[in-house]
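Remarks on the overall topology
In case you want the letters, here they are:
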Amino acid sequence: MIKDENMELAIDEAKKAAKRNEIPVGAIIKEDTGKIIAIESNKTRELCDPTSHAEINAIRMASEARKDIYLSDCTMYVTLEPCLMCMGAILNSRLKKLIYGLPSPKYGAFSSNFSTYKKKEILTKNTEVYGGFYQTEISKLMKEFFENKRRGFDGNRY
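What you are looking at is a predicted structure, and each value in this text was computed from that prediction instead of being measured.

Scanning all chains against the criterion turns up 10 salt bridges. Among the ionic pairs, Lys 3 bridges to Glu 8, the shortest N-O distance being 2.8 Å. Glu 31 is the salt-bridge partner of Arg 66, the closest N and O atoms lying 3.1 Å from each other. Residue Arg 66 is found in helix α2 (residues 54-66), and its partner Glu 31 is found in strand β1 (residues 26-31); the two are separated by 35 residues along the sequence. Classification of Arg 66 as partly exposed rests on a relative accessible area of 23%. Look at the salt bridges and you will find they share partners, linking Glu 31, Arg 66 and Asp 73 into a network.

Dropping the structure here:
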C-alpha cells in the first residue's frame, strides 16, 4: 500500500473523534503549496449540530483561516466518502480535489446508487474526486466503533 501522510493525518483525527464518542471521521484541507490549513473531525454530538460533519468543519476552518469562501487551490482528504450535504459544501467551496478513504454505499454522495454527482448537468464546479484509499484501516476503525456502541448501549443513537 502506498503511504499518504495526509490520509494518515485524517485517520488520526478520526480516531480522536471516536474517543470523544463521535462517529470516527476525520478531514484535512491542504493548499497546493503544501500548507495544511484545516484539521477537523465530526463534532455533531459535541456541538449538538447535525451539520457538524468533519468535511463541513474543515471547510469552515479553512475558509476562516484564509478569509475566503473559495478553496480552489486546495485538496480535502477525508476518511469516509462524503454525504450529499457535504458534497454541496465541497462543490460550493470550489475545492480543487477531494480524496476520500472508505466508500459509503448507503450515504455516499459520489458512489452510492442515488448519487447526484454522476449527473453532470448538476455540476457547476470542477472538483476532482478520488476514492478508495486506506479502506482496510478505516473500515476496521468504523466497525470497532459501532461494535463498541452495540455492546455497551450508552443511550446514543447511531
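Let's shift gears to the environment of Glu 13. For Glu 13, the location among the structural elements is in helix α1 (residues 5-19). With relative accessibility at 12%, the residue Glu 13 sits in the buried group. Sequence separation between Glu 13 and Glu 40 is 27 residues; the distance between their C-alpha atoms is 6.7 Å.

With that out of the way, let us pick up helix α3 (residues 84-92). Along α3, the residues that are buried comprise Cys 86, Met 87, Ala 89, Ile 90 and Leu 91. Backbone geometry just downstream of α3 places Arg 94 in the positive-phi region, at approximately 60°.

Moving on, we get to the pairing of strand β2 (residues 36-41). As paired strands, β1 and β2 are joined by five bridges and run antiparallel to one another. When the bridges of β2 are listed, Ala 27 appears paired with Glu 40. Once β1 ends, the chain turns through four residues before running back antiparallel as β2, passing Gly 34 with a positive phi of about 105°.

Core analysis: the largest hydrophobic core is formed by 36 residues, its most contacted members being Ile 29, Ile 59, Leu 71, Met 76, Val 78, Leu 95 and Leu 98. Taken together, the elements giving at least two residues each to this core come down to α1, β1, β2, α2, β3 (74-80), α3, β4 (97-102) and α4 (135-151). With residues near it in sequence (within four places) discarded, Ile 29 still touches Lys 35, Ile 36, Ile 37, Ala 38, Ala 58, Ile 59, Ala 62, Leu 71, Cys 74, Thr 75, Met 76 and Leu 95.

In summary, the side chains of a regular strand alternate between the two faces of the sheet. Burial analysis of β4 places five of its six residues in the buried class, which makes it a mostly covered element. Across five bridges, the pairing between β3 and β4 is parallel. Across the sheet, the residue bridging to Thr 75 is Lys 97, located in β4. As judged from the four bridges shared by β4 and strand β5 (residues 128-131), these two strands associate in the parallel manner. Following the sheet pairing, Ile 99 is matched in β5 by Tyr 130.

Turning our attention to the sheet that holds β4. Reading across the sheet, the five strands line up as β2-β1-β3-β4-β5 and stay open at both edges, with mixed pairing between neighbours. Among the strands making up the open sheet, the edge pair consists of β2 and β5. Between one strand axis and the next, the sheet turns by 15° as a mean value, whatever way the strands run. Packing of α1 onto the sheet brings it into contact with β1, β2, β3 and β4, and relative to β1 it is tilted by some 145°.

Quick notes on the rules
Within each chain, residue numbers correspond to sequence positions counted from 1 in written order. Only residues with pLDDT of 70 or above have their local features reported here, since the model is predicted, and side-chain atom pairs are shown and tallied only from 80 upward, although totals for entire chains, interfaces and linings are computed over all residues. Note: side-chain values were computed over all heavy atoms of the structure, leaving out hydrogens and water. The salt bridge definition used is simple: a Lys or Arg side-chain nitrogen within 4 Å of an Asp or Glu carboxyl oxygen. Numbering of helices and strands starts at the N terminus; helices are DSSP runs of H or I of at least 4 residues and strands are runs of E of at least 2. In this scheme, a residue with accessible area under 20% of its type's maximum is buried, one over 50% is exposed, and one in between is partly exposed, where area comes from a 1.4 Å probe on protein chains only. Only when DSSP finds a minimum of two bridges between them are two strands counted as paired. Definition used in this section: a nonpolar core is a set of buried Ala, Val, Leu, Ile, Met, Phe, Trp, Tyr and Cys residues joined via side-chain atoms within 4.5 Å. Contacts: residue pairs with any heavy atoms within 4.5 Å of one another. Note on geometry: axes are C-alpha line fits, over the in-contact stretch for helices, and angles between N-to-C directions span 0 to 180 degrees.

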